[in-house]
Amino acid sequence: MRIVFMGTPDFAVPSLQALLDAGHEIAAVYTQPDKPVGRRQLLTPPPVKELALRYGLPVYQPTKLRDGTEAARLRELAPDLIAVVAYGRILPKEILEIPRLGCVNVHGSLLPKYRGAAPIQWAVINGETETGITTMVMGEGLDTGDILMVQRTPIDPEETAGELFERLAPMGAACLVKTAAALEAGRIAPVKQDESRATYAPMLDKKMAALDFTRSAGELHNLIRGLNPWPVAVTDFAGKRLKVFAARVEKGSGEPGTVLDAERFVVACGDGALRFTEVQLEGSRRMSAEEFLRGKKLFVGRSLTEGQ
């Protein structure tokens, strides 16, 4: 099958690789423009572009899709299918109508739940016990298209969003290959989404990262998991920012935000307590809480926001 692939981050790389391994002809790859990265702001290509170039595939990185230029190019490319995986742009109607088998999107949730930009993170933040991959026919709405295939997987109670990303990416790739084969064979029946069950998963914001210890330990535990690897949950420690990469729910009670166990870094929450297990103090490196506490004095009953 002749396919145009559209994707940008690491999550999309296995899908492009899987299509290549399945023997499909990749007519072109569309991805976001290169971006400056790091302190030196070096212009860096997206992961999908790096893979495409290794295979000598044509790569396009338009900043606009609605001026007709890319629609004209895609008509010339004449793909049977456009496969979209975390591309980061909304496709206009004139592009959606070009491929004979339509445009198929790989989405990291069990649609119609968690439509939007951050479905994997929000599933973790909200304490979901199950998620998965949905392939769908793309329409003009945001993740509202008819469902083609679904693959489910449990979420481990301690799993981070980053770990879930790593599991879902190859699942999405396998689901995309199966979906493409079924479409080509004409043996797949799209199913409309149940709008009454639809929820939205907006982009994450750094403002979400501050830990509010008046919330329950379970809620904060899920937030910490969902914000790892970005933007990472934060709190204060002796006037400095302390990133919290991992924590565990513990029994305990006390004034929210105060230390209950100085040897294990247990902090009281509105309901229950949290034991920090992996942290990074501003100006230092990421480390286990045990290693962190070797060089810090922590006192039971003291608030994290007070000088230590």
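Please refer to the structure higher up on the page.
Here's what I pulled together on the structure shown here. (Residues numbered from 1 in each chain as written. Predicted model: local features only at pLDDT ≥ 70, side-chain atom pairs only at ≥ 80, totals over all residues. Heavy atoms only, no water.)

### Focus: the overall build of the protein
No. 1: For the protein, the count of helices and strands is eight helices and 15 strands.
No. 2: Across its three principal directions, the C-alpha atoms of the protein cover 70 × 45 × 35 Å.
No. 3: Relative to its 308 residues, the protein shows a buried fraction of 50%.
No. 4: If you take every contact in the protein between residues at least 6 apart in sequence, the share linking residues at least 24 apart comes to 64%.
No. 5: Mean positive and mean negative side-chain charge positions of the protein (38 and 38 charges, respectively) differ by 3 Å. (Helix = DSSP H or I, 4+ residues; strand = E, 2+ residues; numbered from the N terminus. Buried < 20%, exposed > 50% of the residue type's maximum accessible area, 1.4 Å probe, protein only. Contact = heavy atoms within 4.5 Å. Lys, Arg positive; Asp, Glu negative; His and termini not counted. Charge placed at Lys NZ, Arg CZ, Asp CG, Glu CD.)

### Considerations on the environment of Ala262
No. 1: The residue Ala262 is located in the loop between β12 (259-261) and β13 (266-268) in this model.
No. 2: Each C-alpha atom of the pair Ala262 and Cys175 lies 47 Å from the other, and the pair is 87 residues apart in sequence.
No. 3: Setting aside residues no more than four positions away along its own chain, Ala262 makes contact with Leu293, Leu298, Phe299 and Val300.

### Examining the nonpolar core
No. 1: Phe5, Leu16, Ile26, Leu211, Phe265, Phe276 and Phe292 are the most contacted members of the largest nonpolar core, which has 72 residues in total.
No. 2: With nine residues, the top contributor of residues to this core is helix α6 (residues 161-185).
No. 3: The next biggest cluster of nonpolar side chains, apart from the first, holds 18 residues, and it includes Val4, Leu74, Ile82 and Leu91. (Core = buried A, V, L, I, M, F, W, Y, C linked by side-chain atoms within 4.5 Å.)

### A closer look at the pattern of salt bridges
No. 1: Enumeration according to the criterion identifies 18 salt bridges in this entry.
No. 2: Between Glu128 and Lys113 there is a salt bridge, with its nearest N and O atoms 3.0 Å apart. Placement of Glu128 in the loop between α5 (119-125) and β8 (130-137) and of Lys113 in the loop between β7 (103-107) and α5 is noted, with a sequence separation of 15 residues between them.
No. 3: The class of Lys113 is partly exposed, set by a relative accessible area of 25%.
No. 4: A salt bridge links Arg215 to Glu219; the nearest nitrogen and oxygen atoms lie 4.0 Å apart.
No. 5: Members of the salt-bridge network, linked through shared partners, are Glu250, Asp261, Arg264 and Arg275. (Salt bridge = Lys/Arg side-chain N within 4 Å of Asp/Glu carboxyl O.)

### Some words on helix α7 (residues 217-226)
No. 1: The buried fraction of α7 is high, at eight of ten residues.
No. 2: Looking at α7, one finds that the buried residues are Ala217, Leu220, His221, Asn222, Leu223, Ile224, Arg225 and Gly226.
No. 3: Buried residues along α7 sit in contact with α5, α6, β10 (233-237), β11 (240-250) and β14 (273-281).

### Describing the packing of aromatic side chains
No. 1: Enumeration according to the criterion identifies seven aromatic pairs in this entry.
No. 2: The interplanar angle of 40° and the centroid separation of 5.4 Å between the aromatic rings of Tyr30 and Tyr60 together place this pair among those described as tilted. Here the residue Tyr30 occupies a position in strand β2 (residues 25-30), and Tyr60 occupies one in strand β5 (residues 59-60), the gap between them amounting to 30 residues.
No. 3: The exposure class of Tyr60 is partly exposed, given its relative accessible area of 23%.
No. 4: Centre to centre, the rings of Phe265 and Phe292 are 5.9 Å apart; their planes meet at 10°, and the pair counts as stacked. (Phe/Tyr/Trp six-rings, centres within 6.5 Å; stacked < 30°, edge-to-face > 60°.)

### Some remarks on the packing of helix α1 (residues 13-21) against helix α2 (residues 47-54)
No. 1: With their axes 9 Å apart at the nearest point, α1 and α2 run at an angle of 25° to one another. Our classification of the angle between α1 and α2 gives roughly parallel. Crossing geometry of α1 relative to α2 is assigned as right-handed. Between α1 and α2, the contacting residues are Val13, Leu16 and Gln17 on the first element and Pro47, Val48, Leu51 and Ala52 on the second. (Axes fitted to C-alpha atoms, helices over the stretch in contact; angles between N-to-C directions. Parallel < 35°, antiparallel > 145°, perpendicular 65-115°, else oblique. Left-handed = near helix turned anticlockwise from the far one by under 90°.)

### As for the pairing of β10
No. 1: With four of five residues buried, β10 is to be regarded as a mostly interior element.
No. 2: Judged from the five bridges that link them, β10 and β11 form a sheet pairing that is antiparallel. What sits directly across from Val234, in β11, is Lys243.
No. 3: Where β10 hands over to β11, the hairpin turn is made up of two residues, of which Ala238 adopts a positive phi near 55°. (Pairing = 2+ DSSP bridges.)

### Overview of unusual backbone geometry
No. 1: The peptide bond linking Asn228 to Pro229 adopts the cis configuration, its omega dihedral lying at 25°.
No. 2: Tracing the chain through its elements places Pro229 in the loop between α7 and β10.
No. 3: A cis geometry characterises the amide bond from Trp230 onward to Pro231, with omega recorded as 5°.
No. 4: Along the chain, Pro231 falls in the loop between α7 and β10.
No. 5: With a phi angle near 50°, Ala78 is a residue other than glycine that sits in the positive phi range.
No. 6: Looking at the element boundaries, Ala78 is found in the loop between α3 (69-77) and β6 (81-85).

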